[in-house]
Structures are given as structure tokens and as C-alpha cells.
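Here's the letter readout for the chains.
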Amino acid sequence: MKKFLIIGLASLFILQNSAFGQKLQLTEAATEFRNNYNGSWVSIPDSTLRSLQISKNKPVLLKAKNAIDQSFSKQLTSPFTKPKDETKMYFYLGAVYLDLWTMSNYDDEISKQLGSLTEEEMNEITFGSFIKCLELDVKNQWKSDIRSKVNTYRNLSINSGVDYFQKSNFNNAFNSFKMAFEMYKVLNLTDTLAIINAALSAEKMKSFDNAYDYYKMCADLDYGKGAEMYQSMIRVLNSDENKDEEKILNVIAEGKNKFPKDYVLNIEEFNYWYAKGDNEKAQQALENAIESDPTNKILHFNVGVTYDNISNKYHKENKHDVAFTYMSKAISGYKKALELDDKYVDAFYNLGALYYNQSITTKSVAGDYSGEKYDSEMKRADEMLKKAIPLLERVLILSPSDKSTLTVLKSLYFNLDDMDNYKRIKTKIDSL
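Scoring rules and cut-offs
- Residues numbered from 1 in each chain as written.
- Predicted model: local features only at pLDDT ≥ 70, side-chain atom pairs only at ≥ 80, totals over all residues.
- Heavy atoms only, no water.
- Helix = DSSP H or I, 4+ residues; strand = E, 2+ residues; numbered from the N terminus.
- Rg over C-alpha atoms; globule rule 2.2 N^0.38 Å.
- Buried < 20%, exposed > 50% of the residue type's maximum accessible area, 1.4 Å probe, protein only.
- Expected span 1.5 Å × (residues − 1).
- Contact = heavy atoms within 4.5 Å.
- Salt bridge = Lys/Arg side-chain N within 4 Å of Asp/Glu carboxyl O.
- Phe/Tyr/Trp six-rings, centres within 6.5 Å; stacked < 30°, edge-to-face > 60°.
- Lys NZ or Arg CZ within 6 Å of the ring centre and 35° of its normal.
- Axes fitted to C-alpha atoms, helices over the stretch in contact; angles between N-to-C directions.
- Parallel < 35°, antiparallel > 145°, perpendicular 65-115°, else oblique.
- Left-handed = near helix turned anticlockwise from the far one by under 90°.
- Nonpolar A, V, L, I, M, F, W, Y, C, P; charged D, E, K, R; others polar.
- Polar contact = N/O pair within 3.5 Å; in protein donor to acceptor, adjacent residues only side chain to side chain.

Caption draft 1: Structural view of the overall build of the protein. Per the secondary structure count, the protein includes 19 helices and 0 strands. Relative to the globule expectation of 22 Å for 432 residues, the C-alpha radius of gyration of the protein, 35 Å, shows a markedly less compact shape. For the protein, the spread of C-alpha atoms along the principal axes amounts to about 110 × 40 × 35 Å. Considering the protein as a whole, with its 432 residues, one finds that 47% of them fall into the buried category.

Caption draft 2: Representation of the environment of glutamine 70 within the structure. Looking at the secondary structure, you find glutamine 70 in helix H2 (residues 47-77). Expressed as a C-alpha distance, the spacing of glutamine 70 and alanine 29, which sit 41 residues apart in the sequence, is 9.6 Å.

Caption draft 3: Quick look at unusual backbone geometry. In the Ramachandran plot, lysine 206 falls in the positive-phi region, its phi being about 65° despite a non-glycine side chain. With respect to the element layout, lysine 206 can be found in the loop between helix H8 (192-204) and helix H9 (208-220). For aspartate 222, which is not glycine, the phi torsion reads 60° and is therefore positive. Its location among the elements puts aspartate 222 in the loop between H9 and helix H10 (228-239).

Caption draft 4: Structural context of helix H7 (residues 170-186). With 17 residues, H7 should reach 24 Å at 1.5 Å per residue; the first-to-last C-alpha distance of 25 Å fits that figure. Buried residues dominate H7, accounting for 12 of its 17 residues. Looking only at H7, the buried set comprises Phe170, Ala173, Phe174, Ser176, Phe177, Met179, Ala180, Phe181, Glu182, Met183, Tyr184 and Val186. The inward-facing, buried residues of H7 contact helix H3 (83-103), helix H5 (119-136), helix H6 (143-166), H8 and H9. Looking one or two residues beyond H7, the residue adopting positive phi is asparagine 188, at roughly 60°.

Caption draft 5: Quick look at the pattern of salt bridges. Evaluation of the coordinates by the stated rule reveals 27 salt bridges. The residue glutamate 245 makes a salt bridge to lysine 276 at a minimum N-O spacing of 2.6 Å. With glutamate 245 in helix H11 (residues 245-258) and lysine 276 in helix H12 (residues 263-276), the pair connects residues that are 31 residues apart, well separated along the chain. Residue lysine 276 is classed as partly exposed on the basis of its relative accessible area of 47%. In this structure, lysine 256 engages glutamate 269 in a salt bridge whose closest nitrogen and oxygen atoms are separated by 2.4 Å. Within this pair, whereas lysine 256 is found in helix H11, its partner glutamate 269 is found in helix H12, the two being separated by 13 residues in sequence. Residue classification places lysine 256 among the buried residues on the basis of a relative accessible area of 16%. Note on glutamate 269: relative accessible area 15%, which makes it buried. Each of Lys58, Asp107 and Glu109 takes part in salt bridges that share partners, so that together they form one network.

Caption draft 6: Region of the structure containing H3. When the terminal C-alpha atoms of H3 are compared, their 30 Å separation across 21 residues agrees well with the 30 Å that a helix rising 1.5 Å per residue should span. Burial of H3 is extensive: 17 of the 21 residues sit out of reach of the surface.

Caption draft 7: Quick peek at the packing of aromatic side chains. Tallying each qualifying case throughout the model produces 19 aromatic pairs. Ring plane angle 80° and centroid distance 5.8 Å describe the contact between tyrosine 92 and tryptophan 142, whose orientation is recorded as edge-to-face. Remark: tryptophan 142 occurs in the loop between H5 and H6 and tyrosine 92 occurs in helix H3; sequence separation between them is 50 residues. Pairwise contacts between aromatic rings join Phe33, Tyr37, Phe91, Tyr92, Phe130 and Trp142 into one cluster. Positioned above the aromatic ring of tyrosine 184 is the side chain of arginine 154, whose terminal nitrogen or guanidinium carbon lies 4.8 Å from the ring centre.

Caption draft 8: Examining the side chain of lysine 149 more closely. Summarising the element assignment, lysine 149 is placed in helix H6. Setting aside residues up to four positions removed in sequence, lysine 149 forms contacts with Phe33, Ala95, Leu98, Asp99 and Phe130.

Caption draft 9: Layout of the packing of helix H1 (residues 22-36) against H2. At a minimum axis distance of 8 Å, the contact between H1 and H2 shows a crossing angle of 155°. Taken together, H1 and H2 sit at an angle that is classed as roughly antiparallel. Seen along the crossing, H1 lies across H2 with a hand that is left-handed. Seen from H1, the contacting residues are Gln22, Gln25, Leu26, Glu28, Ala29, Glu32, Phe33 and Asn36; seen from H2, they are Val60, Leu61, Lys63, Ala64, Ala67, Ile68, Gln70, Ser71, Lys74 and Gln75. Its residues assigned to classes, the contact of H1 with H2 comprises 8 nonpolar, 6 polar and 4 charged.

Caption draft 10: Fine view of the packing of H5 against H6. Relative to each other, H5 and H6 sit at 155°, their axes nearing to 10 Å. Viewed along their axes, H5 and H6 adopt a mutual orientation that is roughly antiparallel. When the axes of H5 and H6 are compared, the crossing they make is left-handed. Where H5 abuts H6, its residues Phe130, Cys133 and Leu134 lie against Lys143, Ile146, Lys149 and Val150. Partitioning the contact of H5 with H6 into residue classes produces 5 nonpolar, no polar and 2 charged.

Caption draft 11: Quick look at the environment of leucine 189. Its place among the elements puts leucine 189 in the loop between H7 and H8. Setting aside residues no more than four positions away along its own chain, leucine 189 makes contact with Arg147 and Tyr184.

Caption draft 12: Layout of the environment of aspartate 99. Within the secondary structure, aspartate 99 sits in helix H3. Judged by relative accessible area, aspartate 99 falls into the buried class, the value being 0%. Apart from the residues within four sequence positions on either side, aspartate 99 is in contact with Phe33, Tyr37, Trp41, Leu61, Lys149 and Tyr153. Within the structure, aspartate 99 has its side chain in polar contact with the side chain of lysine 149 (distance 2.9 Å).

Here it is in C-alpha cells:
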């Protein structure tokens, strides 16, 4: 917090022509607040009874406000001669305005009086005053009073935030949790309960910048289980319509630095690179994810998909030997997924389609050769086609009306000159 900014707000307070009497007004403010004001209204749950207490307390609190405003304004030009009086003034300045700020949520008149002050200015007048008081309070005369008041209002803010959250009033919930967080900062304490709830409230009301900031605070404080807070940051960054992809990657990198084997972070990294078309980096993220969850069939399936994509990329670059190496890795990925689930339709289909597509590519490559090499490549292509048949037929058992599978099978049987099966598949397609 800046050293102290209330001086910059002097024009907001009632100014007096007299350069004297600041101590007199301070005594008046202290007397009204300490002896005549009943602060217990904040803990009254019944709204009707609370309103009655507010109506009784409001004139007293406004009188205390008027007095402390005058005392503060006068000491700007005629400072207190005794440090203890200045310390006392800052306590009551913070205390009176904190109660006014809280009461403004229930009373329109007070809300209008404070309406010209921004949230930043209110923070400075209330919490800034308490901090200044603690700096000046060398004898610790006000420390217990400030601690007591901060704890009371912090608990009130937390409870209010919970109530607002349960009623789906996420804006007020966020403001309440944020207030609790700011209060504990006065005591040099970190309120992780307020921080995480502020983050959750901000996310619920789709204030993604605020949600990110508070989740980041939690992450920096090592709050939560494992990489939970980094996952939350990525979630809100992905939810933002104007998401910053570089920021997402930075969060992933920071999270993986702490939790290199975290499943979700590696999947997020996979999604990032896969969307960018960088299959090699996507594949590495998948391999890391598999280390943390080796029996996850979807991960092994995606290993097959990404190696499949890499293989196709190298075929397009006419690097066919490299492409076939990645084809083998793709096959291993799909087969591992099927070992984990022998009814995994997508894995059956992708593996069958891989054999089919690679056979077509192999025949194309064979055209570059002649003699025995040509014959061996064509034989290799036909073997791939034959390997595709049981896989795709298995898909039809599990999903009899899948048009994509039927279409591939029809073409496959045609290429193998298996007209009986060709007609069988064609009849199924025509009947759909």
C-alpha cells in the first residue's frame, strides 16, 4: 500500500476556517463512537430489527463522522502536537468510516453520502487509516482495538459472502470476500479463505480477470491440492472470450514446473499444442500425462491420433520411411487403448481407418518403384487393407448404422475385389 494517501482526499471532507480545535473534534468523535454508538447492529440477522438499530445508530454515526472529518481537516494545516493524538485520530477515522461503509449497504442516505468516494478511496480511508495508526502506535495502545474490529468485520464479510453466494448473488459475494481479504491485510495476515471464495465468486459472475488474479494469489500461496489452482487459472483463461493464449501457456509452464506429472496440466498442454497443429509437442505432453494415468484409454487413443497425424505430415513431405515409423507408434497407441477397453468403438474405427489410409499411401509410394520393390510395396498395401477389415467389421457389430464405417468398408472390399462383401455393405448403406 502507498505510504498514505488520505491527504489527497482532503477536499472530500468538511473544511473549517478555524486552524484550531482538531483535538476538540477528535474528542467529540471518540465520545460519540465509543459511548453513544452501538455497533452490535452488524450481527443482527433479522432485517427488521437490524433496520431499527440502524435508524437509532445512524445519527450518532453521522455526528461522529462530522467530528472526525473536521479533526482530520484541521490537522492538515495545524498538526497535532502530541503523536498519541494523531494515532488516536487515525483509529477513529478508520473505525467510523468502516462502519459507515458497512451501513451504506443497508441505508440509502449513507450510501449517497459516500457515493462520491471510490472503492480505492474508501479502502484508503478505512484500512489505510488503521495501518497508519499501527505505524504510529509505538506503545501498542490501539493494536488490540484494531485487531478486534478487523476480526469482527472480517467474519461479518465472510458470512455475508457465503450467504450471497448461496443465493447466487455472486457480485455481492465477491465484494464481501474481497473486503474480508483487504481487512486481514491490515494485520499483515493472509486470508486464504477469503481469497479462494473471491476467486470462485468472480468466476461464477464471469469476471474472469478477477477470478484469474485471485486464483493466482492462491497458487502463489500454495493453496489447494496439487496443481488445482493452476488448473483453475487455465479454466478461467479458456473461458474468457478474449483469452490470451500466451498467458495460458505461461500458466501451464509455471504449473508444470511445480507439478510436472499433473494429469490435467499435461492434457491442457496437449490441447494447446494440438490446436496449434504442433503434433510433436502435443505428443510429448500426452506421454507425460500417461505417466500420471497409465490406464486411461483416452490418453492412449490420443497417442494414436497424434502419431497418426505426424505420420500423415511426413508422408506429405515425401519422408515415407519416417512416416511409417510414426504409423507404427500410432498403431501401438490404438492397440493399447483397445487392450484397456475391447469395446472402444473409436479406437477400432481409427485403427481400421489408419490401415486403410496407409494402404492407399503405400500404393502411391509403390508407383515410384519397379520390379520386386514395386511388388513388395503393393503386397504390403494389400496386407494393410486386410488388417483393416476385422477392425471395421467390429465397429459395425458395436455400431451397425455407422455410415463412415460402411463407406470405408465398401471401398475396401471394392479394392480387394471382394464383390460379395461389397454388395453386402452396399445393401446396408442403401437401406439406411
